[in-house]
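Chain residues, written in single-letter form:
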Amino acid sequence: MTKRLGKQTVLFSRPVGILATSSVVGPKEGEGPLGSKFDVVLDDPMAGADSWEKAESALVKQSVQLCASKAGMETANFDYLIAGDLLNQSTGSIFGVRDTNVPYLGIFGACSAMGEGLSIGGMLIDGGFADNVLVSASSHFCSAEKQFRFPLEFGAQRPPTSSWTVTGAAAAALTSKVGGVSVLGCTTGKMVDMGVTDANNMGAAMAGAAADTIVAHFKDTGRSPHYYDAIITGDLGYIGSDLLLQMVDKAGYQITHNHKDCGIEIFDRDRQNTLAGGSGCACSGVTFAAHFYEEMKAGRLSKILFVPTGALMSPVSVQQGESIPGIAHAVIIENVGG
Amino acid sequence: MDISKSHYKKMVEKASPNSRLGANCAKAFVVGGLICAFGQVLNSLYMFWGANADQAGTYVAMSLIFLAVLLTGLGKYDDLATFAGAGSGVPITGFANAMAAPAIEFKKEGYIFGVGAKMFIIAGPVIVYGTLASMVVGVFYFFFGG
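Keep in mind it's a predicted model, so treat the numbers as computed, not measured.

**Structural notes on the overall build of chain A**
Inference 1: Helix and strand counts for chain A come out as eleven helices and 16 strands.
Inference 2: Computed over the C-alpha atoms, the radius of gyration of chain A is 18 Å, within 12% of the 20 Å expected from 2.2 N^0.38 for a compact globule of 338 residues.
Inference 3: Its C-alpha atoms give chain A principal-axis dimensions of roughly 55 × 50 × 35 Å.
Inference 4: Contacts in chain A between residues far apart in sequence, at least 24 positions, make up 78% of those at least 6 positions apart.
Inference 5: For chain A, the exposed surface amounts to about 11,900 Å²; the carbon and sulfur share of it is 50%.
Inference 6: With 24 positive and 33 negative side-chain charges, chain A shows a spacing of 5 Å between the two charge centroids.

This is the structure:
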């Protein structure tokens, strides 16, 4: 158990390389501030499919294939494929990767899927159980609206606290070869339920979990916020980020100077009317894959704590009056050079 | 986290922006009023063309429902609703949109379990409680209506 630090953190015995990442997004994401950085921007959110669910799977399929080819590998040569999304029974992932013929581990951590996938993938490789692991995370605005809210063409106003589900799929190829941008360890989040029952305020539901995981990470590792160039949360948005900074500050840590949120980065809320910010598994996934990973490769960032966040709810649990537990998984990512 | 749920609730309320009630009400008033005024124009036209008052009312309802369903199918009604809110939700056009939108969305799951079963997911409660309310009023009217 020597790799374990404190209650929640694991430090790998050697860096697990991120060989390549890929990002496939919808047109709205393509019009956002990061638009030019994505590998593929689709003109049609339907992606040539005949339903929103199939469209999401088409995005997953494309991003997984693209990531494998950017890593210089065949998809079939990966030892494990770990994938997560928001749809019931993970159908977005399943039908996107069913033809890959790779041992499959389906995960559900709501929008924290990319963090959960990188953590598990890193552990599999560090444990010596795999040499190459592909991690995928996806979400689609239209399939999420259909499942969690209203039919797309139904006329309803969105409250200003609501977030905008990112249409996209991201993949990352992890490898046992040491060098470059790598995962060095992770702090696995506990569920934190702050009693929020409003499904239109996900940022508030998740902020407590993000603060809990970030503070646990500092306590477990003994590191200070200054160790990292950036602490990047998944999809807290404007409201959740505000709450996060207050809570982390109250716990005695200052992260205002280096905190970023993928839900804030991915859209221009004034121009794109995205209210509280972007959300969904793809929000942290594609923002990391297209933006932060590239910033690290280019040497503009060298150490980040990547903290995808998720709201663990279903339409049924909300209708039955359950509050929304949040979850956040922190992944230590550094450019180790070489 | 070492923060009580009640304290967190206050923090959330402080951090969360409220809906712009005044502006939303004004927009709903204007758009809702315009839809109803348009209905009145149609009503006068149908009567001018020879319909009696009952017939004209039916024709107006048919016309507005047709237009709302057409705009829903073209993907425009939800844009109007984003601006107008209750202004486009309360008139008969809103009800038509609430039927057409799920019919389009769930068509992928087939005509029985998709369109047929899911068409009423939004409008269903309106019909159920509308019917119930009319029964309650009917009973009152029977006993006290004279």
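On we go.
**What to know about the side chain of Glu334(A)**
Residue and element names in this part refer to chain A.
Inference 1: Looking at the secondary structure, you find Glu 334 in strand β16 (residues 330-335).
Inference 2: Notably, Glu 334 is buried but unbridged: the nearest opposite-charge side chain belongs to Arg 223, and the N-O separation is 4.4 Å.
Inference 3: A distance of 2.8 Å separates polar atoms of two side chains, one belonging to Glu 334 and the other to Tyr 227.
Inference 4: Ignoring sequence-local partners within four residues, the contact set of Glu 334 consists of Gly 180, Val 181, Ser 182, Leu 184, Arg 223, Tyr 227, Met 296, Ser 302 and Lys 303.

**A few points about empty space enclosed by the protein**
Residues and elements named next belong to chain A.
Inference 1: Evaluated as defined, the whole model comprises one cavity of 30 Å³ or more.
Inference 2: Around the largest cavity sit Thr 161, Ser 163, Asn 201, Gly 203, Asp 235, Leu 236, Gly 237, Ile 239, Gly 240, Ala 276 and Gly 278, which together line it.
Inference 3: With three residues, helix α7 (residues 237-250) is the single largest residue contributor to the lining of the largest cavity.
Inference 4: Within the lining of the largest cavity, the residues separate by chemical class into three nonpolar, seven polar and one charged.

**Structural notes on the pattern of salt bridges**
Residues and elements named next belong to chain A.
Inference 1: Applying the stated criterion across every chain yields a total of eleven salt bridges over all chains.
Inference 2: In this structure, Lys 146 and Glu 53 form a salt bridge, with 3.3 Å as the shortest nitrogen-oxygen distance. Of this pair, Lys 146 sits in helix α5 (residues 141-148) while Glu 53 sits in helix α2 (residues 52-70), and the two are 93 residues apart along the sequence.
Inference 3: With a relative accessible area of 22%, Glu 53 lands in the partly exposed category.
Inference 4: We note a salt bridge from Lys 61 to Asp 99, for which the minimum N-O separation is 3.8 Å. With Lys 61 in helix α2 and Asp 99 in the loop between α3 (91-97) and β5 (104-107), this pair connects stretches of sequence that are 38 residues apart.

**Some points on the domain arrangement of chain A**
The accessible area lost on association of the parts is a frequent measure of interface size.
Residues and elements named next belong to chain A.
Inference 1: Each assigned domain of chain A is listed with its residue range as follows: domain 1 (15-175) and domain 2 (181-335).
Inference 2: Centre-to-centre separation of domain 1 and domain 2, based on C-alpha positions: 18 Å.
Inference 3: Facing the 53 residues of domain 1 at the interface are 53 residues of domain 2.
Inference 4: Counting the surface domain 1 buries against domain 2, the share from its top three residues, Ile 18, Cys 111 and Thr 161, is 15%.
Inference 5: At the surface where domain 1 touches domain 2, the tally comes to 18 residue pairs in polar contact (both at pLDDT 80 or more).
Inference 6: For the side of domain 1 that touches domain 2, the elements supplying multiple residues, two or more each, are β2 (9-25), α1 (27-30), α4 (113-126), β6 (132-139), α5, β7 (164-165) and β8 (168-175).
Inference 7: With eleven residues, β2 is the single largest residue contributor to the side of domain 1 that touches domain 2.
Inference 8: Its residues placed into classes, the side of domain 1 that touches domain 2 shows 27 nonpolar, 18 polar and eight charged.

**Observations regarding the packing of α2(A) against α5(A)**
The angle between the axes and the distance between the axes are what describe a pair of packed helices.
All names here are of chain A.
Inference 1: α5 packs onto α2 with a crossing angle of 140 degrees between their chain directions and a minimal axis gap of 8 Å. In this view, α2 runs oblique relative to α5, as classed from their interaxial angle. When you trace α2 past α5, the crossing you get is left-handed. Counted together, Trp 52, Glu 53 and Glu 56 of α2 and Cys 142, Ser 143 and Lys 146 of α5 form the full contact between these two elements.

**Some thoughts on the environment of Pro102(B)**
Inference 1: Among the structural elements, Pro102(B) can be located in helix α6 (residues 92-105).
Inference 2: Spatially, the C-alpha atoms of Pro102(B) and Val115(B) are 7.3 Å apart, while their sequence positions differ by 13 residues.
Inference 3: Filtering out sequence-adjacent residues up to four positions away, Pro102(B) remains in contact with Pro151(A), Asn97(B), Lys118(B), Met119(B), Ile121(B) and Ile122(B).

**Thoughts on the layout of surface pockets**
Inference 1: The computed volume of the largest pocket comes to approximately 1,200 Å³.
Inference 2: Sorting elements by how many residues they give to the lining of the largest pocket places helix α4 (residues 77-84) of chain B first, with four residues.
Inference 3: Of the residues in the lining of the largest pocket, the class split is 19 nonpolar, eleven polar and twelve charged.
Inference 4: Looking at the second largest pocket, its volume works out to about 650 Å³.
Inference 5: Around the second largest pocket, the lining is made up of 29 residues, and of these Phe148(A), Arg149(A), Ala199(A), Met202(A) and Met313(A) lie nearest the centre.
Inference 6: Among the secondary structure elements, those contributing two or more residues to the lining of the second largest pocket are α5, α6 (202-221) and α11 (315-319) of chain A.
Inference 7: With four residues, the single largest contributor to the lining of the second largest pocket is α5(A).
Inference 8: In the lining of the second largest pocket, the residues fall into 15 nonpolar, ten polar and four charged.
Inference 9: Counting the residues that make up the lining of the second largest pocket, at least three belong to each of domain 1 (15-175) and domain 2 (181-335) of chain A.

Criteria and cut-off values
- Residues numbered from 1 in each chain as written.
- Chains lettered and ligands numbered in written order.
- Predicted model: local features only at pLDDT ≥ 70, side-chain atom pairs only at ≥ 80, totals over all residues.
- Heavy atoms only, no water.
- Helix = DSSP H or I, 4+ residues; strand = E, 2+ residues; numbered from the N terminus.
- Rg over C-alpha atoms; globule rule 2.2 N^0.38 Å.
- Contact = heavy atoms within 4.5 Å.
- Areas by Shrake-Rupley, 256 points an atom, 1.4 Å probe, with all protein chains shown as cover.
- Lys, Arg positive; Asp, Glu negative; His and termini not counted.
- Charge placed at Lys NZ, Arg CZ, Asp CG, Glu CD.
- Buried < 20%, exposed > 50% of the residue type's maximum accessible area, 1.4 Å probe, protein only.
- Salt bridge = Lys/Arg side-chain N within 4 Å of Asp/Glu carboxyl O.
- Polar contact = N/O pair within 3.5 Å; in protein donor to acceptor, adjacent residues only side chain to side chain.
- 1 Å grid on protein atoms, 1.4 Å probe; cavity = no way out; pocket = protein on both sides within 12 Å on 5 of 7 lines; lining within 4 Å.
- Points joined across faces, edges and corners; volume = space filled by probe spheres on them.
- Nonpolar A, V, L, I, M, F, W, Y, C, P; charged D, E, K, R; others polar.
- Domains from an automatic or database assignment.
- Buried area = accessible area lost by both parts, 1.4 Å probe.
- Axes fitted to C-alpha atoms, helices over the stretch in contact; angles between N-to-C directions.
- Parallel < 35°, antiparallel > 145°, perpendicular 65-115°, else oblique.
- Left-handed = near helix turned anticlockwise from the far one by under 90°.

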